[in-house]
Amino acid sequence: MDYKTSGVDIEAGYESVKLIKKYVEQTMRPEVLGGIGGFSGAFSMAKIKEMEDPVLLSGTDGVGTKLKLAFEMDKHDTIGIDAVAMCVNDVACAGGESLFFLDYIACGKNVPEKIAAIVKGVADGCRQAECALIGGETAEHPGLMPEDEYDVAGFAVGAVDRKDMITGADIKPGDVLIGVASSGVHSNGFSLVRKVFGIDENGAVLSEYHPELGQTLGECLLTPTKIYVKMLKKIKADGVTVKGCSHITGGGFYENMPRMLPEGTAIEVQKDSYEVPPIFRLIQKTGNIDEHVMYNTFNMGIGMCLAVDPSDADRVLSSIADAGEKGFVIGRVTEGNKEVTIL
């Protein structure tokens, strides 16, 4: 008996490393020391030392049950983008720049081509975020996970000069809320999505074309999470101050928007200030879901929310457009106890 007969194929692991090497190399930054294959990833601190008062930031997350759609559709080359996005967007909310990323893939059976497709997505996300993929781990778990399934997660480490941190401390009543468009459902709420459409019982629904979506349900739902790093860098480069920043993930508007608020403030959102993407209308109609539940579960077309001084609103919207994203004035900050009111 050997390790392979017990369910762990070491040779497949070696092959996976060979296949992913080219994708990892595409994410390299000058600060990366060494290459893939070491016991740890090395990253020079030279850039951080240039800051007056450097602060390290970190974010870790996974993709959740959106993975079930990737399994059903046998499409694995974008799910890694989601894993990166969920981490680097959180770092960006604090005003930081993600420097490097590490991933973790657990699988029932190591199929090198599938692992390579997943890591290709991770590398694509890292390039979008301008951070380096400096390491990771692929763990084969026979007997613990089904052979055709996997889980993917990761974490990002970033840095920011303390004076440039976005803390929300200066937010005050009268400030403007700017929402930045999402690319769809992103990576949250998929347990409800799967239940609404009966995906677990009938995966064929994912291949159904919906005219209002302009694509199949599966193509729409598997659209990768938007990465907002370059957009926030553009706003900063244009010299505009963002007072607060909220990444709209699990918990939707009601949980995430208050996280950037100081005491004594609240939020009012005008729901007709932008067009809610058709996928959310389809989910709500098909599942007969209450509107409050929708805004408490999904991003509803707004992937990130910024709080800015009213005098800076037009400049921020211009920077967002220059970065290739869509921004909307969706509400304002009021007096209150960190509650969110959707009008």
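Note: the structure precedes this text.
Draft legend 1. Seen up close, the sheet that holds strand 6 (residues 150-161). In spatial order, the strands read 3-6-4-5; together these four strands make up an open sheet with mixed pairing. Looking along the sheet, the strands with just one partner apiece sit at the ends: strand 3 (54-62) and strand 5 (132-140). Each strand of the sheet is rotated relative to its neighbour by a mean of 15 degrees, with strand direction disregarded. As paired elements, strand 3 and strand 6 share nine bridges and run antiparallel to each other. In the sheet register, D61 faces strand 6, and the bridge partner there is G154. Of the strands in this sheet, strand 4 (97-107), strand 5 and strand 6 touch helix 5 (residues 112-129), which is tilted by about 165 degrees from strand 4.

Draft legend 2. Spatial organisation of unusual backbone geometry. Residues other than glycine seldom take positive phi values, yet N288 does so here, at roughly 50 degrees. Tracing the backbone through its elements, the reader meets N288 in the loop between helix 10 (278-287) and helix 11 (291-295). In this structure, M300 takes a positive phi of about 55 degrees despite not being glycine.

Draft legend 3. A look at the pattern of salt bridges. In this structure the tally under the stated criterion is 25 salt bridges. Salt-bridge contacts for D164 lead to K236; the nearest nitrogen and oxygen are separated by 3.6 Å. Taken as a pair, D164 in the loop between strand 6 and strand 7 (176-181) and K236 in helix 8 (residues 229-237) lie far apart in primary sequence, 72 residues in all. We classify D164 as partly exposed; its relative accessible area is 30%. Within this structure, R29, E31, K47, E97, E130 and K233 form a network of salt bridges that share partners.

Draft legend 4. Structural context of the packing of helix 4 (residues 79-93) against helix 5. Packing of helix 4 against helix 5 leaves a shortest axis separation of 6 Å and a crossing angle of 40 degrees. Comparing the axis directions of helix 4 and helix 5 gives the class oblique. Helix-helix and strand crossings are classified by hand; for helix 4 and helix 5 the assignment is right-handed. The segment helix 4 lies against helix 5, with I79, G80, I81, V84 and V88 engaging I118, G121, V122, D124, G125, C126, Q128 and A129. Of the residues in the contact of helix 4 with helix 5, the class split is eight nonpolar, four polar and one charged.

Draft legend 5. Just the nonpolar core, in detail. Ranked by internal contacts, the top residues of the largest apolar core, which has 93 residues, are L221, F253, I279, I283 and L306. The element that contributes the greatest number of residues to this core is helix 4, accounting for ten residues. With ten residues, the next largest nonpolar core counts V32, I48, F100 and V157 among its residues.

Draft legend 6. Spatial organisation of the sheet that holds strand 11 (residues 265-269). The strand order 10-12-7-13-11-14 describes an open sheet built from six strands, whose pairing is mixed. Of all the strands in the sheet, just strand 10 (244-247) and strand 14 (340-342) have a single pairing partner and so form its edges. Taken pair by pair, the neighbouring strands of this sheet meet at an average axis angle of 25 degrees, ignoring direction. Looking at chain direction, strand 7 and strand 12 (residues 302-308) are connected through six bridges and run antiparallel. Note that in strand 12 the partner of I178 across the bridge is L306. Across the face of the sheet, helix 8 comes into contact with strand 7, strand 10 and strand 12 while running at roughly 20 degrees to strand 12.

Draft legend 7. A look at helix 6 (residues 190-197). For helix 6, the full list of buried residues reads F190, V193, R194, V196 and F197. Seen end-on, helix 6 carries its buried residues on one side only, within an arc spanning 160 degrees. Structurally, helix 6 contributes buried residues whose contacts are with helix 3 (67-73), helix 7 (217-221) and helix 10. Within two residues after helix 6, G198 carries a phi angle of roughly 65 degrees, on the positive side.

Draft legend 8. Structural detail: the packing of aromatic side chains. All chains considered together, the criterion is met by five aromatic pairs. With a centroid separation of 5.8 Å and an interplanar angle of 35 degrees, the aromatic rings of Y274 and F328 are classed as tilted. Residue Y274 is found in the loop between strand 11 and helix 10, and its partner F328 is found in strand 13 (residues 327-335); the two are separated by 54 residues along the sequence. Its relative accessible area of 8% is what places Y274 among the buried residues. By relative accessible area, F328 is classed as partly exposed at 23%. Centre to centre, the rings of F280 and F298 are 6.1 Å apart; their planes meet at 55 degrees, and the pair counts as tilted. Taken together, the positions of F280 in helix 10 and F298 in the loop between helix 11 and strand 12 put the pair 18 residues apart, joining distant regions of the chain. Note on F298: relative accessible area 1%, which makes it buried.

About the cut-offs
- Residues numbered from 1 in each chain as written.
- Predicted model: local features only at pLDDT ≥ 70, side-chain atom pairs only at ≥ 80, totals over all residues.
- Heavy atoms only, no water.
- Pairing = 2+ DSSP bridges.
- Helix = DSSP H or I, 4+ residues; strand = E, 2+ residues; numbered from the N terminus.
- Axes fitted to C-alpha atoms, helices over the stretch in contact; angles between N-to-C directions.
- Contact = heavy atoms within 4.5 Å.
- Salt bridge = Lys/Arg side-chain N within 4 Å of Asp/Glu carboxyl O.
- Buried < 20%, exposed > 50% of the residue type's maximum accessible area, 1.4 Å probe, protein only.
- Parallel < 35°, antiparallel > 145°, perpendicular 65-115°, else oblique.
- Left-handed = near helix turned anticlockwise from the far one by under 90°.
- Nonpolar A, V, L, I, M, F, W, Y, C, P; charged D, E, K, R; others polar.
- Core = buried A, V, L, I, M, F, W, Y, C linked by side-chain atoms within 4.5 Å.
- Arc of directions from axis to C-beta.
- Phe/Tyr/Trp six-rings, centres within 6.5 Å; stacked < 30°, edge-to-face > 60°.

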